[in-house]
Amino acid sequence: MLSSALDGFDDCQFTLCATTVAWPHAAAVVDYHATEGRSWRLRLSRAGAQVAHLTPAAGEDIGTPDASAQGTASDLVLFFYGRIPLESLKFEGDRRVFDQLAAWDPSV
């Protein structure tokens, strides 16, 4: 189950979040951290939403995200699908970015 939750969140990020549709708000960076050891970075801009695994090299400064959320991979998946609130996770930064993400529908 552990790997399926990690894989599920990975799939969410790379298949559902990644898009070339312009982000309609101020550019932002969001980090997601699974307590099982994986992390993702979502960059939102006029170029769309780009997702990458967050694996900084030793000593590399990756910068500070505008918002981040941390929890189990299972909880990250549940949050992504609106099944649990953001408060169920450890989050930092600008909550508005998460609200904007939840309301954004790049298919329209």
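Below is a short write-up of the structure.

Cut-off values and rules
Residues numbered from 1 in each chain as written. Predicted model: local features only at pLDDT ≥ 70, side-chain atom pairs only at ≥ 80, totals over all residues. Heavy atoms only, no water. 1 Å grid on protein atoms, 1.4 Å probe; cavity = no way out; pocket = protein on both sides within 12 Å on 5 of 7 lines; lining within 4 Å. Points joined across faces, edges and corners; volume = space filled by probe spheres on them. Helix = DSSP H or I, 4+ residues; strand = E, 2+ residues; numbered from the N terminus. Nonpolar A, V, L, I, M, F, W, Y, C, P; charged D, E, K, R; others polar. Core = buried A, V, L, I, M, F, W, Y, C linked by side-chain atoms within 4.5 Å. Buried < 20%, exposed > 50% of the residue type's maximum accessible area, 1.4 Å probe, protein only. Contact = heavy atoms within 4.5 Å. Arc of directions from axis to C-beta. Polar contact = N/O pair within 3.5 Å; in protein donor to acceptor, adjacent residues only side chain to side chain.

**Focus on the layout of surface pockets**
- Here the largest pocket is characterised by a volume of approximately 440 Å³.
- Lining the largest pocket we find 20 residues, and of these Phe 80, Phe 98, Leu 101, Ala 102 and Trp 104 sit closest to its centre.
- If you list the elements that add at least two residues to the lining of the largest pocket, you get α1 (2–17), β2 (39–45), α2 (73–80) and α3 (95–103).
- Residue contributions to the lining of the largest pocket peak at five residues, all from α3.
- Taken together, the residues of the lining of the largest pocket sort by class into 15 nonpolar, one polar and four charged.

**A word on the nonpolar core**
- With 27 residues, the main nonpolar core has Tyr 32, Leu 42, Leu 44 and Leu 101 as its most contacted residues.
- Secondary-structure elements contributing two or more residues to this core are α1, β1 (28–34), β2, β3 (48–53), β4 (67–71), α2 and α3.
- Contacts of Leu 101, omitting those with residues within four sequence positions, involve Trp 23, Val 30, Tyr 32, Leu 42 and Leu 44.

**Here we look at α2**
- Every buried residue belonging to α2 is among Ala 73, Leu 76, Val 77 and Phe 79, and all of these are buried. Each buried residue of α2 lies within a common arc of 160° when the element is viewed along its axis, so the set occupies one face.
- Gly 82 sits one or two positions beyond α2 and adopts a positive phi of about 75°.

**A few points about the side chain of Ser 39**
- Checked against the element boundaries, Ser 39 lands in strand β2.
- For Ser 39, the side chain forms a polar contact with the side chain of His 33, separated by 2.7 Å.
- Not counting residues up to four positions away in its chain, the partners in contact with Ser 39 are Tyr 32, His 33, Ala 52, His 53 and Leu 54.

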